[in-house]
Amino acid sequence: MSETTLTIFRCRACGEALFPARYRCPRCGAADWRDEDAPSGVTEESTVVRHRVGALGAGDIHLATVRTDAGAVVIARLDAPASGPVRAGEPVLLTIDNAKRVLARPR
Ligand SMILES: [Zn+2]
C-alpha cells in the first residue's frame, strides 16, 4: 500500500490550518486554500477501539488526535504500537495512504 506525506489545508485569507478540507474557512469564511505538507506532529490524546459492529476479530485499532506542526489537528491511525499506547506529547510522523487514512508512527 502506497503512502504519501499528509497534506493539510491553509486558508490564504487568515492562515487557519485544517484537515480534512472544507469549502469555507470556519474562522473567516473565505474559500481560498493552499495545500501544505504536514509530515509531523505531536499526539494530544490516544484511544483504542476494541469492539466494532461487524468487524469481529479484526483486532484493535489505535487512534490518536495529533496536532500537526502545521497547526491543524487530525485524527490518525497509529501503527499497532508494540511498546504500548502512545502517550500525549509523543512526536509522530504522519502519512496518508491510498485509502485516505491518516497514519501516525512514533518519530
Ligand atoms: Zn480563514
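Residues numbered from 1 in each chain as written. Predicted model: local features only at pLDDT ≥ 70, side-chain atom pairs only at ≥ 80, totals over all residues. Heavy atoms only, no water.

An unreviewed UniProt entry lists the chain under the name ChsH2 rubredoxin-like zinc ribbon domain-containing protein, with Paraburkholderia dinghuensis as the source organism.

Peer 1: Any chance you could explain the side chain of Glu36 here in plain terms?
Peer 2: If you trace the backbone, Glu36 turns up in strand S4 (residues 33–37). At 3.0 Å, the side chain of Glu36 forms a polar contact with the side chain of Arg34. Leaving out residues up to four positions away in the same chain, Glu36 has contacts with Leu6, Thr7, Ile8, Arg10 and Ala70. (Helix = DSSP H or I, 4+ residues; strand = E, 2+ residues; numbered from the N terminus. Polar contact = N/O pair within 3.5 Å; in protein donor to acceptor, adjacent residues only side chain to side chain. Contact = heavy atoms within 4.5 Å.)

Peer 1: Any chance you could explain the environment of Asp37 here in plain terms?
Peer 2: Looking at the secondary structure, you find Asp37 in strand S4. Between the alpha carbons of Asp37 and Phe9 there is a distance of 8.7 Å; along the sequence they are 28 residues apart. Apart from residues lying up to four places away in sequence, Asp37 is in contact with Thr5, Leu6, Thr7 and Ala70.

Peer 1: Help me understand the packing of aromatic side chains in this model?
Peer 2: The geometry of an aromatic ring pair is captured by the separation of the ring centres together with the interplanar angle, meaning the angle of the planes. Per the counting criterion, the structure on display carries one aromatic pair. Between Phe9 and Phe19 the ring centres are 6.3 Å apart and the planes differ by 10°, which places this aromatic pair in the stacked class. A residue pair is termed long-range when its members are at least 10 positions apart, and Phe9 in strand S2 (residues 7–11) and Phe19 in the loop between strand S3 (17–18) and S4 qualify at ten residues. With a relative accessible area of 19%, Phe9 lands in the buried category. (Phe/Tyr/Trp six-rings, centres within 6.5 Å; stacked < 30°, edge-to-face > 60°. Buried < 20%, exposed > 50% of the residue type's maximum accessible area, 1.4 Å probe, protein only.)

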